[in-house]
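# Overview (structure and organization)
The primary structure of each chain is shown beneath.
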Amino acid sequence: MDRLRAMEFFLSVSQTKNFSETARLFGVSATAVSRLITDFEDALKVKLLLRSTRQIVLTESGDEYARQLEGILWNINAAHANITAIRQAPKGHLRVHARMMFGLGVLPPLVARFRRLYRDIHIELILSETPSDLRRDQIDIDFRISPPVEAGVKRRILFRSERFLVASPAYLEGRQPPLQPTDLAEHDCLAYLLPGGEHLWHFGRGTHMEDFAFQPRHASNNGMALLEMARLGEGIALLDDYTVHADLERGSLVRLMADHRVTNTTYEEGMYATILDTPMVPTKLRLFLDFVVEHVSGESNRFNPLPVEAALASDQTGA
C-alpha cells in the first residue's frame, strides 16, 4: 500500500467530503480512492470515515488525523519544492499578506524594486485587516502588527512602533489642543472599529495609566480611511507612527499629547514578518524577507523604506 498516497487521498476526502471530487483531482477512479482509504483504515485499525449513500462524515479520530496530516503533507511538499529550487534560479509565486496601512504605504515600492532584482519571482499581495491563516490561506509571509500566537509559525520582528494622536491644522484652528485625556471630551475623535463595539483609548504617562471612552464622530475598520479623514479635518485619529510620519514632516498633520503613550490595544506592537515554521525556508521567501528587512528594519528605515519614485526610476534605468 502506498501510505503517502493514502494520506493524500484521505486528506482530500476530509476536505471535499466527496470521493468523486478527490478522484478527479488525482486523476484516478472513485473506486480506487475508496479502496485505498479502506485499506489504510484497516492498516491503522482505526475508522476515519463514516460513509453513507448521502454523505461522508469524519469520525473523531478522522477529524484529528486530518488536522495533523495537513501540516505533515504541507511540509513534505515544501521539502520537495525546496530541494528542486536549490538547483534552479529563484522563481515562482510568492503570496504575501499584510495589514492595509503597511501593505499600501510601505510594500508596493519594495515589491517594485524586488521585481527588478528577481524577475522570475511573482508576488501576489493580499491586504486585509485581520491576520491570515498561513497554511489554510496558502500565504507564504504575513506582515502583522502583533506577534503571532498560534503554534507552527515563527516570526521576525522588523521594528517596534508607537501610536500617535494626530489632527490636521485645519481641525485645530480655533480649538484648544488637548493636553490630557479628559480634554478629548471636547473634541471630535475618529475611531478604529475593534471587536466588542467599545471605543477606548489607553493612555500612559510615567506610572499613571488612564482610559478614555468616547463616541466617535466617525469610525472605520480601515486605517487609510481614518488617515484621510484626519487630513480632511474631520477630527483626531490614533494611527501608527510609520503611517503618519510623512504627514507630520510636511505639516499636513500635527501630533497631539506627545508626552503621553497611547494605544487602543497594547503597547507591545510593531511589525512582525510571520512565516510557517518549516525545516527549510524556500529561497524565494528568504530573498524577499531579507530584502524587506534590509529596507524597513530599524528605527530610521521604517520611516523611509523606499520612495515610490525612486523604485520606479531605478526600474526604468536598470539601476
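Under an unreviewed UniProt entry, the name given to the chain is LysR family transcriptional regulator, and the source organism is Acidovorax bellezanensis. In its Sequence similarities (unreviewed entry) section, the UniProt entry covering the chain states "Belongs to the LysR transcriptional regulatory family."

Moving on, we come to the environment of L190. Within the fold, L190 resides in strand β8 (residues 189-192). Exposure remark for L190: the relative accessible area of 1% places this residue in the buried category. The sequence separation of L190 and G235 amounts to 45 residues, and the corresponding C-alpha distance is 6.0 Å. Here L190 is in contact with W201, H218, L226, M229, A230, E234, G235, I236, A237 and L238, once residues within four sequence places are set aside.

With that settled, consider the pairing of strand β3 (residues 92-98). Here seven bridges tie β3 to strand β4 (residues 121-127), and the two strands are oriented parallel to one another. Bridge pairing in β4 places A98 opposite L127. Two strands pair when backbone bridges link them, and β3 and strand β5 (residues 141-144) are joined in this way by three bridges, in the parallel orientation. Paired with V96 across the strands is I141, a residue of β5.

Next up on the list: the sheet that holds strand β10 (residues 208-213). A sheet is described by the order of its strands in space; here three strands give the open sequence β10-β9-β14, paired in antiparallel fashion. The sheet terminates laterally at β10 and β14 (261-263), the two strands that pair on one side only. The average angle at which neighbouring strand axes cross in this sheet is 20 degrees, direction not considered. As judged from the six bridges shared by strand β9 (residues 200-205) and β10, these two strands associate in the antiparallel manner.

About the cut-offs
Residues numbered from 1 in each chain as written. Predicted model: local features only at pLDDT ≥ 70, side-chain atom pairs only at ≥ 80, totals over all residues. Heavy atoms only, no water. UniProt positions renumbered as here; feature names shortened; annotations may be inferred. Helix = DSSP H or I, 4+ residues; strand = E, 2+ residues; numbered from the N terminus. Buried < 20%, exposed > 50% of the residue type's maximum accessible area, 1.4 Å probe, protein only. Contact = heavy atoms within 4.5 Å. Pairing = 2+ DSSP bridges. Axes fitted to C-alpha atoms, helices over the stretch in contact; angles between N-to-C directions.

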